[in-house]
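# Analysis of the macromolecular model
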Amino acid sequence: MAMRQTPLTCSGHTRPVVDLAFSGITPYGYFLISACKDGKPMLRQGDTGDWIGTFLGHKGAVWGATLNTDATKAATAAADFTAKVWDAVSGDEVLTLAHKHIVKTVTFTQDSNCLLTAGNDKLLRIYDLSNPEAAPLEIAGHTSAIKKALWCNNDKQILSAADDKTIRLWDRSSMEEVKTLTFDTSVSSMEYVADGEILVITYGKTIAFYNALSLDLIKTVEAPAPINSASLHPEKDFFVAGGEDFKLYKFDYSTKEELESYKGHFGPVHCVRFSPDGELYASGSEDGTLRLWQTAVGKTYGLWKCVLPEDLGAENSEQMYTLAPEIKA
Amino acid sequence: MSGLSNIVTMKKTVQQLRLEASINRVKVSQAAADLQQFCLQNAQQDSLLTGMSSSNNPFRPQKVCSFL
C-alpha cells in the first residue's frame, strides 16, 4: 500500500548535486548543506528546504560538503585542489586548506576541532583547526583516489573508501591501517551510524551493512538497480537508497523487504541522507535538485499537511483547491 | 581622467549593492504559502477559473459588420 508522496523540491543549483549532509539538531532546528558541481554549496533549513545561503569562493566543482554538529561551521571539498572551512552563520570563508589534487571528502570530528580531508592525492589528512597553520597529519596507504573518509569509534578511528576497491579502517593515534575490506567493484558510497556502530556501504546493486568496529558483515540487500547512495534511519527501522534508475527505494532494515519506491528525480540520484530526527530524507540528483521526502507519509511535519479530500483516496499534499472550471465562450 | 571615472563606477556599484541589500527577503516556504493564499483568496475574481458571461468576453467571436 503505497501512499503517493509529494516531495519538497529544492531548486537553485545549476549542475548535479553530488553530496549532502545534515547537521545535528540545534536550538534553531537542523540544517542541510549540498555540494554541487557548480562550485556553490548551499545551506538550507533542514525541515523545510528553505534556502538560507550559498557559500561563495570555490573555483571548481564542490565534491563534498559537511556541517558540524551544531551547524556553526561548514567544510567543503572541491576540484580547485582546496578544502575550505566556513562560518555557517555568516557565510564567510574562515580557512582555505591547499591540497595537491582534487579534494573529494571532508568531515569534522564531533568536537569540531579537527577536520579530515581526502581526495585524488590518495592521502588522508587531519587538520587541527585550532592550529591551522601547522602541517596536517598525513596517512598514506590507498593506491588510488579516495572517495569518502569518515571518523568512527568516537573519532578514534578513520574509515576510508577509495577507487582501489577497498575500504580501510585506520587507527588515528598510530596512523596505522587496522583492517581492510576488498570488493570486486568500486564502492559508490559509505555512511557511518555512530549509535550502533553500523557502516552502510553501496556497490553495484548491493547495499551492505557492516559493523564499523570489526568490519564484520551484518547483512546485504540487493536493489533493482545500481545504487549510488544509501542511508539508514536513526532508529534502524528502514533504510533508503537511490541510484541510476532515478528512483528512491525504501527498505525494511530487519526483513530486507523493499517497502516502497518513489519517482521524482529527472536524473540519477547521487546522494541520500536521513535527517537527524529521522522524519525525512533528502536526495541529491544529477538533475540539480534536492528533494525532501517524508519517512512517515501522511504525517503532518514541516511543510507537509495531511489533507484527506473526500472523493480522492488518502493523499498527502500541502493544500488542495478543487473547482470545476466552466468557461463559456 | 580614468581616476574620476573609476570613482563614478564604484559609486554606482555601491549604490546598486545598497539597493540589493535593502530588498526584503522572505523564505521560499513562506513565499510559496503567501502565493497559494493569494490565489485562493482571489480565485472568485479570476475569469479563467469562474467563467465569464459572453456579453463581457472581449474574445467572443465577433459579428461581421458590412457597409450598407
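Predicted, not measured: the structure shown is a model, and the values here were computed from it.

## Describing the overall build of chain A
Scanning chain A from N- to C-terminus turns up zero helices and 30 strands. For chain A, whose C-alpha radius of gyration is 20 Å, the value lies close to the compact-globule estimate of 20 Å for 329 residues. In terms of overall dimensions, chain A has C-alpha extents of about 75 × 45 × 35 Å along its principal axes. For chain A, the proportion of its 329 residues judged to be buried stands at 57%. Expressed as a percentage of contacts within chain A between residues at least 6 apart in sequence, the contacts between residues at least 24 apart total 41%. In the form shown here, chain A has an accessible surface area of approximately 13,800 Å², with 51% of it arising from carbon and sulfur atoms. Charged side chains of chain A number 31 positive and 43 negative; the gap between the two group centres comes to 5 Å.

## Some remarks on the confidence of the model for chain B
All names here are of chain B. When pLDDT is averaged across chain B, the result is 89; 97% of the residues are at 70 or more. At the level of individual helices and strands, chain B shows its lowest average pLDDT in helix α3 (residues 47–50), which scores 86, and its highest in helix α2 (residues 28–41), which scores 94. Two numbers describe this predicted complex: its pTM, 0.86, and its ipTM, 0.70.

## Focus on the UniProt feature "domain: G protein gamma" (unreviewed entry) in chain B
Within the UniProt annotation, "domain: G protein gamma" (unreviewed entry) is assigned to residues 3–68 of chain B. In residues 3–68 of chain B, helix accounts for 56% and strand for 0%; the two terminal C-alpha atoms are 74 Å from one another.

## What to know about the side chain of Ser 112 of chain A
All names here are of chain A. Residue placement: Ser 112 occurs in the loop between β10 (103–108) and β11 (114–119). A residue is classified by how much of its surface remains accessible, and Ser 112, at 7% relative accessible area, is buried. Not counting the four nearest positions on each side in its chain, Ser 112 is found in contact with Asn 68, Lys 73 and Leu 129.

## Things to note about the sheet that holds strand β2 (residues 17–22) of chain A
Residue and element names in this part refer to chain A. One open sheet holds the four strands; their spatial order is β2-β3-β4-β5, and the pairing between them is antiparallel. The strands lining the two open edges of the sheet, one partner per strand, are β2 and β5 (51–54). Geometrically, the sheet is characterised by an average inter-axis angle of 20° between neighbouring strands, direction not taken into account. Where β2 and strand β3 (residues 31–36) come together, five bridges link them in antiparallel fashion. From the neighbouring strand, Val 17 faces β3, where its bridge partner is Cys 36.

## Quick word on the domain arrangement of chain A
Residue and element names in this part refer to chain A. Segmentation of chain A into domains returns domain 1 (17–187) and domain 2 (191–306). Computed over C-alpha atoms, the centres of domain 1 and domain 2 are 20 Å apart. Taken together, the contacts link 32 residues of domain 1 with 32 residues of domain 2. For the pair domain 1 and domain 2, the summed buried area comes to about 2,500 Å², and 72% of that belongs to carbon and sulfur atoms. Joining domain 1 to domain 2, the criterion identifies four residue pairs in polar contact (both at pLDDT 80 or more). At the level of elements, β2, β3, β14 (146–152), β15 (157–162), β16 (166–171) and β17 (177–182) are the ones that each hand at least two residues to the side of domain 1 that touches domain 2. Here the side of domain 1 that touches domain 2 is built from residues that sort into 16 nonpolar, eleven polar and five charged.

## Looking at the confidence of the model for chain A
Residues and elements named next belong to chain A. Averaged over every residue, the pLDDT of chain A is 91; the share at 70 or more is 93%. Within chain A, strand β30 (residues 315–316) has the poorest average pLDDT of any element, 38, and strand β7 (residues 73–78) the best, 98. With pLDDT under 50 throughout, residues 311–329 is counted as low confidence; its partners more than four residues away or in other chains account for 40 contacts.

## Details of a nonpolar patch on the surface
Residue and element names in this part refer to chain B. On the surface, a nonpolar cluster with roughly 320 Å² of combined accessible area is contributed by Leu 4, Ile 7 and Met 10. Tracing the chain through its elements places Leu 4 in helix α1 (residues 2–21). With relative accessibility at 58%, the residue Leu 4 sits in the exposed group.

How each quantity is defined
Residues numbered from 1 in each chain as written. Chains lettered and ligands numbered in written order. Predicted model: local features only at pLDDT ≥ 70, side-chain atom pairs only at ≥ 80, totals over all residues. Heavy atoms only, no water. Helix = DSSP H or I, 4+ residues; strand = E, 2+ residues; numbered from the N terminus. Rg over C-alpha atoms; globule rule 2.2 N^0.38 Å. Buried < 20%, exposed > 50% of the residue type's maximum accessible area, 1.4 Å probe, protein only. Contact = heavy atoms within 4.5 Å. Areas by Shrake-Rupley, 256 points an atom, 1.4 Å probe, with all protein chains shown as cover. Lys, Arg positive; Asp, Glu negative; His and termini not counted. Charge placed at Lys NZ, Arg CZ, Asp CG, Glu CD. pLDDT = per-residue confidence, 0-100. UniProt positions renumbered as here; feature names shortened; annotations may be inferred. Pairing = 2+ DSSP bridges. Axes fitted to C-alpha atoms, helices over the stretch in contact; angles between N-to-C directions. Domains from an automatic or database assignment. Buried area = accessible area lost by both parts, 1.4 Å probe. Polar contact = N/O pair within 3.5 Å; in protein donor to acceptor, adjacent residues only side chain to side chain. Nonpolar A, V, L, I, M, F, W, Y, C, P; charged D, E, K, R; others polar. Patch = residues over 30% accessible without salt bridge, like charges linked within 9 Å, V, L, I, M, F, W, Y side chains within 5 Å. Salt bridge = Lys/Arg side-chain N within 4 Å of Asp/Glu carboxyl O.

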